[in-house]
Amino acid sequence: MPTDLQNASERRIFERFSARFPAKFKDTRENYGTDVFLRDASAQGIRIVTKERFFWGDQIAVDVELPDGGLPMTLSGFVVWVKSVNLSLWETGIQFNEVDLFRMQRLFKLAESIEQP
């Protein structure tokens with residue numbers, strides 16, 4: 001019997017890739033990586049780990065700090081799932097409001113260059 005995770009991957013149009021970068025919630029004064037980290041991404045959404053608990057349907061915008069020296073990448077969308085990691089940490093799946101392949105190409109290339117020796 002397929003699990004929910006298998007069903008989700010079968011429905012996925014774009015492949016997910018590891019993208020571990022510090023992030024912060026848009027328009028906050030917190031430092032990057034204080035309360036939120038980007039863990040992986042696809043052209044349709046991202047997975048973040050955060051101290052904040054969100055709920056299905058919440059709108060979220062995060063700024064991701066990338067090592068290319070450019071401006072932070074702002075990614076926004078709505079919560080599609082939440083999973084408790086421990087008492088004070090949450091994994092949150094965010095589906096983008098719009099698919100932007102050009103912007104995601106920047107993220108993919110930077111993530112790929114960091115993973116390769």
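Residues numbered from 1 in each chain as written. Predicted model: local features only at pLDDT ≥ 70, side-chain atom pairs only at ≥ 80, totals over all residues. Heavy atoms only, no water.

1. Digging into the layout of surface pockets
Let me state the cut-off plainly: Using only the protein atoms, space was sampled on a 1 Å grid; points where a 1.4 Å probe fits but cannot get out form cavities, open sets with protein on both sides within 12 Å along at least five of seven lines form pockets, and lining residues are those with an atom within 4 Å of a point. Grid points are joined across faces, edges and corners, and a volume is the space filled by probe spheres set on the points. The secondary structure listing takes helices from DSSP runs of H or I that are at least 4 residues long and strands from runs of E that are at least 2 residues long, numbered from the N terminus. Basically, the charged four are Asp, Glu, Lys and Arg, the nonpolar ten are Ala, Val, Leu, Ile, Met, Phe, Trp, Tyr, Cys and Pro, and anything else, Gly included, counts as polar.
Here the second largest pocket is characterised by a volume of approximately 170 Å³. Lining the second largest pocket are T74, L75, S76, F96, N97, E98, D100, R103 and M104. Mapped by element, the contributors of at least two residues to the lining of the second largest pocket are β5 (73-86) and α2 (101-115). The element contributing the most residues to the lining of the second largest pocket is β5, with three residues. The residue makeup of the lining of the second largest pocket, split by class, is three nonpolar, three polar and three charged.

2. Some details on the pattern of salt bridges
Let me state the cut-off plainly: Salt bridges are defined as contacts in which a side-chain nitrogen from Lys or Arg sits within 4 Å of a carboxyl oxygen from Asp or Glu. Buried residues are those whose accessible area, probed at 1.4 Å on protein chains only, stays under 20% of the maximum for their type, while exposed residues exceed 50% and partly exposed ones sit between those limits.
What the rule picks out here adds up to six salt bridges. Measuring nitrogen to oxygen at the nearest pair gives 2.6 Å for the salt bridge that ties E91 to R47. Remark: R47 occurs in strand β3 (residues 45-50) and E91 occurs in strand β6 (residues 89-96); sequence separation between them is 44 residues. Given the relative accessible area of 17%, R47 is considered buried. The salt bridge partner of R103 is D100, with a shortest N-O separation of 3.7 Å. R103 gets classed as partly exposed once you look at its relative accessible area, which sits at 32%. D100 sits in the partly exposed class, given a relative accessible area of 31%. Salt bridges sharing common partners tie together D40, R47 and E91.

All quantities given are derived from atomic positions and should not be read as evidence of function.
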